[in-house]
Amino acid sequence: MSGSTIVVAGATGNLGSRIARTLVERGATVRALVRHGTARDRIERLQEFGAEIASVDLNNASEVTPACAGASCAVSALSGLRDVIVETQTLLLDAVVRAGVPRFIPSDYSIDFTRFPAGENRNLDLRREFHRRLDMASIAATTVFNGAFAELLTGEMPLILFKLKRVLYWGDADQRMDFTAMDDAAAFTASVALDPSTPRFLRIAGNQLSARELTAVVSDVTGRQFRLLRAGGLGTYCQLIKVAHTVAPGEMELYPAWQGMQYMCDMFRSHAKLEPLDNDRYPGLRWTTVQDVLSSHLASL
Ligand SMILES: NC(=O)c1ccc[n+]([C@@H]2O[C@H](COP(=O)([O-])OP(=O)(O)OC[C@H]3O[C@@H](n4cnc5c(N)ncnc54)[C@H](OP(=O)(O)O)[C@@H]3O)[C@@H](O)[C@H]2O)c1
């Protein structure tokens, strides 16, 4: 909706900058909340595409509240552990409520953790903890669930083993998983931010692919025959995650090895599959396939 003002926290980040840029392209005024001391060039990058900058201490409500005045939605794309996802987001939430902002989008952008028990995935538990506060606040909230960012398949998520020409999987080779390109997740979130009436949860997936289907896609893209590699059952994977957690706890790291393994394990579970999908909610959005993401990655090498 052209003319709206949207507050974006985390606009200097990977996803947040894409959301902010898309909002500006759609005619919205974007007020990017950046930390005091943010490097000049990072601020200039936001200003170049037309975002307004509000330099604030996100731990100080008296600075954040006035910066949110007049906005129709606050989008959080903050990333971090408890101090950020629970504490900083709570301060932001309180500030936007005080400023009279009617809508809030929390920094979730994940698998649908409402379908998982608490206590298994630390990073998702933090979001669950924040939701308990969010759901008590006098504000309408909408979470975007997008599965895994498709770009993770190019390296960070060890599913496609390019050198070995294998697709690694745990459990069931035919269990479909959700992948969404970051730009598509950002474009959908921008639409949600500009939509005055949205439900509590929205689910999107650019592609839903099983390990077996992924094998065909990566074979096609690379022109080389990839095969499946079954590492074991999900029970074994859970045990391995416990071992990895004990050996290298990395509690202060955002993505220690065991946390990445836990995300992957969750994706292989049948109840992780996002449904029903809200991909068609906004006409005009296009969905990038995993094939597209892998092709452009390989072309860039
Ligand atoms: N589903 C998936 O596969 C997937 C993958 C990756 C991320 N995500 C999710 O997407 C969201 C955004 O992640 P991202 O990768 O875009 O993160 P990112 O690039 O690391 O950006 C994080 C943003 O949060 C800000 N921030 C961090 N700590 C802060 C603090 N203490 N106070 C104020 N601002 C702080 C950063 O500001 P500075 O620039 O000042 O540091 C930056 O703007 C997160 O919810 C993340 O979990 C999902």
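Everything below is about the structure shown above.
Residues numbered from 1 in each chain as written. Predicted model: local features only at pLDDT ≥ 70, side-chain atom pairs only at ≥ 80, totals over all residues. Heavy atoms only, no water.

> Would you take a moment to explain the environment of L161 for this structure?
Looking at the element boundaries, L161 is found in strand β9 (residues 160–161). In this structure, the C-alpha to C-alpha distance between L161 and L228, residues 67 residues apart in sequence, is 10.0 Å. Setting aside its immediate chain neighbours within four residues, L161 contacts R166, L168, F226 and L229. (Helix = DSSP H or I, 4+ residues; strand = E, 2+ residues; numbered from the N terminus. Contact = heavy atoms within 4.5 Å.)

> Where do I start with the sheet that holds strand β11 (residues 177–180) in this structure?
For sheets, the rule is that strands pair by backbone hydrogen bonds, running either parallel or antiparallel. A sheet is described by the order of its strands in space; here 3 strands give the open sequence β8-β11-β13, paired in mixed fashion. Of all strands in the sheet, those bounded by a partner on one side alone are β8 (148–149) and β13 (207–209). Inspection of the sheet shows β8 paired to β11 by 2 bridges, in the parallel sense. Residue pairing for β11: F149 is matched across the bridge by T180. Set on the sheet, helix α7 (residues 211–222) makes contact with β11 and β13; between it and β13 the angle comes to about 110°. (Pairing = 2+ DSSP bridges. Axes fitted to C-alpha atoms, helices over the stretch in contact; angles between N-to-C directions.)

> Could you clarify how one ought to interpret helix α10 (residues 290–300) in this entry?
Since the α-helix turns once every 3.6 residues, residues separated by three or four places project in the same direction. All of the buried residues in α10 are V290, V293 and L294. End-on view of α10: buried residues confined to an arc of 95°, all on one side of the axis. As for α10, its buried residues are in contact with β9, β11, β13 and α7. (Buried < 20%, exposed > 50% of the residue type's maximum accessible area, 1.4 Å probe, protein only. Arc of directions from axis to C-beta.)

> When you look at the packing of α7 against α10 in this model, what are you seeing that I'm missing?
Where α7 meets α10, the closest approach of the two axes is 10 Å, and the angle between their N-to-C directions is 35°. Relative to α10, the crossing made by α7 is right-handed. On the side of α7, the interface is formed by L214, V217, V218, D220, V221 and T222, while α10 contributes V290, Q291, L294, S295 and L298. Here the contact of α7 with α10 is built from residues that sort into 7 nonpolar, 3 polar and 1 charged. (Left-handed = near helix turned anticlockwise from the far one by under 90°. Nonpolar A, V, L, I, M, F, W, Y, C, P; charged D, E, K, R; others polar.)

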